[in-house]
Amino acid sequence: MSSGLTGERANELKTERLTLRRARPDDAEALHVLFTDEETMECWSTPVHQNMDQTEDWLASMIDAPEDHSDDFIVEKDGELIGKCGLWRVPEIGFMIRRDHWGQGLATEALDAFISYISGRGLPYMFADVDPANPGSLRALEKVGFSRSGYKEKAMQHGERWVDSVYLRRDL
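Not measured: the values here are computed from a predicted model.

The rules behind these values
- By convention here, each chain's residues receive numbers from 1 onward along its written sequence.
- Where local features are concerned, this predicted model is filtered to residues with pLDDT of at least 70; where side-chain atom pairs are given and counted, the filter is 80 or more; whole-chain, interface and lining totals use all residues.
- Derived side-chain values reflect all non-hydrogen atoms in the structure, with water molecules and hydrogen atoms excluded from consideration.
- Here, strands pair whenever DSSP counts at least two bridges between them.
- Under the DSSP-based scheme used, a helix requires at least four consecutive residues in state H or I and a strand at least two consecutive residues in state E, with every element numbered from the N terminus.
- Helix axes are fitted to C-alpha atoms over the stretch in contact, other axes to C-alpha atoms as well, and angles between N-to-C directions run from 0 to 180 degrees.
- Each residue gets one of three labels from its accessible area relative to the maximum for its type: buried under 20%, exposed over 50%, partly exposed in between, using a 1.4 Å probe on protein chains only.
- An arc is given here, and it is the one of the directions from the helix axis to the C-beta atoms.
- Any pair of residues with heavy atoms lying within 4.5 Å of one another is described as a contacting pair.
- Whether two aromatic rings pair depends on their centres lying within 6.5 Å, for rings of Phe, Tyr and Trp, where Trp uses its six-membered ring; planes under 30 degrees apart make the pair stacked, over 60 edge-to-face, and the rest tilted.
- Geometrically, a charge over a ring is one whose NZ (Lys) or CZ (Arg) sits within 6 Å of the ring centre while staying within 35 degrees of the ring normal.

Caption draft 1: Molecular detail of the sheet that holds strand β6 (residues 125–130). Strand order in the open sheet made by the three strands is β6-β8-β7, with antiparallel pairing throughout. Each of the sheet's edge strands pairs with one partner strand only, and the pair in question is β6 and β7 (147–158). Mean inter-strand twist for the sheet, computed between neighbouring axes without regard to direction, equals 25°. As judged from the six bridges shared by β6 and strand β8 (residues 161–171), these two strands associate in the antiparallel manner. Considered in β8, the bridge of D129 is made with Y167.

Printed below as a string of structure tokens:
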């Protein structure tokens, strides 16, 4: 089944403060900082990474993902990796910003740039699945035009606990 993506795949997107670029194998160490931070990972779709191998496997899956399955970017600020933003399992969007950069509008800025880019790739819509315990991500998505479209209790298991999901959608 086709993802519906058309047009040219960009290698880099720029904003006033950020660069969104394709992942590279040498991103593993910086990503591992994100994936081992308990507060950052509290509302992510997987638990904290237990070792570097886990992060390297995750990164390899990002790099090797078929273009019709993923359109995902690393987020850099001042040349330093601070997160990721993009589609994984098109048309599902996901993003993460390192905790020491929260509250600066960087997620919204990355999302804005990504949405401007992906709007030209032929998708009719995108959706997000967010833990309701993550108000920062909900606010960032709503700021860039996503609307809440559903809610499910005990939508997925995160480690030993069940978490609910807020579903959001944005037509393009």
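Moving on, there is more to tell.
Caption draft 2: Broad picture of helix α5 (residues 135–143). Buried within α5 are the following residues: S137, L138, A140 and L141. When α5 is viewed along its axis, its buried side chains cluster within an angular range of 165° and face the same direction. Contacts made by the buried residues of α5 are with β5 (93–97), α4 (106–118), β6, β7 and β8. In the stretch just after α5, G145 is the one whose phi turns positive, near 100°.

Caption draft 3: Local environment of the pairing of strand β2 (residues 18–21). Alternating residues of β2 divide into L18 and L20 and T19 and R21, and every residue in both groups is buried. Bridging between strand β1 (residues 12–14) and β2 involves three bridges; their strand directions are antiparallel. Paired with E12 across the bridge in β2 is R21. Counting the residues in the hairpin turn of β1 and β2 gives three residues. Of the pairings in the sheet, the one linking β2 to strand β3 (residues 70–77) comprises four bridges and is antiparallel in character. Counterpart to L20 in the pairing with β3 is V75.

Caption draft 4: Spatial organisation of the packing of aromatic side chains. Under the defined criterion, the tally for this structure stands at five aromatic pairs. Centroid distance F73 to Y117: 5.6 Å. Interplanar angle 90°. Geometry classified as edge-to-face. Linking F73 in strand β3 with Y117 in helix α4, this pair joins segments that are 44 residues apart in sequence. Note on accessibility: F73 and Y117 belong to one class, buried. Feature note: the residues F35, W44 and W58 constitute an aromatic cluster, connected by ring pairs. When the ring centre of F73 is taken as origin, the NZ or CZ atom of R22, which lies over that ring, is 4.0 Å away. One cation-aromatic arrangement involves R169 over Y125; the distance from NZ or CZ to the ring centre is 3.9 Å.

Read these as spatial facts, not as claims about activity.
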